[in-house]
Amino acid sequence: MAKIEQIELDEHRGHIVADVKKLVGKYRAIFDWNVPEIDQRAADKLILEAIRKALDDIEREVLR
């Protein structure tokens with residue numbers, strides 16, 4: 001990655017992390033609403049796996 005792109009990314013990294021945390025929180029809440037006695041650790045693992053897969057899919061689409 002070129003230096004200018006890295007500098008720009010570094011300036012926005014905190015926002016990216018905050019946005020992803022909000023996304024995880026959104027789906028944690030949905031799981032809580034739909035599954036009363038949820039295993040939160042298992043739900044978190046499933047949510048994070050789904051987000052990783054979505055990112056992989058988006059990466060393939062964007063970088064082809």
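So, a few notes on the structure that sits alongside this text. Along each chain, the written sequence defines residue order, and numbers are assigned to residues from 1. A pLDDT threshold of at least 70 governs which residues receive local features in this predicted model, and a stricter bar of 80 or more applies before side-chain atom pairs are shown or counted, although totals over entire chains, interfaces and linings include all residues. The basis for every side-chain value is the complete set of non-hydrogen atoms in the structure, without hydrogens or water.

## With respect to a nonpolar patch on the surface
Next, step 1: Every patch collects residues that have over 30% relative accessible area and no salt bridge, joining them within 9 Å if they carry like charges and within 5 Å if they are nonpolar side chains (Val, Leu, Ile, Met, Phe, Trp, Tyr). Only the protein chains shown count as covering a residue, and every accessible area follows the Shrake-Rupley method with a 1.4 Å probe. Throughout this description, the term salt bridge denotes a Lys or Arg side-chain nitrogen within 4 Å of a carboxyl oxygen of Asp or Glu. Taken together, the side chains of L55, I58, V62 and L63 present a nonpolar region at the surface, about 430 Å² in accessible area.
Next, step 2: Every helix listed is a DSSP run of H or I at least four residues long, and every strand listed is a run of E at least two residues long, numbered separately from the N terminus. Along the chain, L63 turns up in helix α2 (residues 40-63).

## Considering α2
Next, step 1: The span you would expect from a helix comes to 1.5 Å times its residue count less one. An ideal rise of 1.5 Å per residue puts 34 Å on 24 residues; α2 measures up with 34 Å between its terminal C-alpha atoms.
Next, step 2: For α2, the set of buried residues is A43, D44, I47 and I51.
Next, step 3: Where α2 is buried, its residues touch α1 (3-34). For every residue, the accessible area obtained with a 1.4 Å probe (protein chains only) is divided by the maximum for its type, and the residue is called buried under 20%, exposed over 50%, and partly exposed between those limits. A contact between two residues is defined here by any heavy atoms of the two lying within 4.5 Å.

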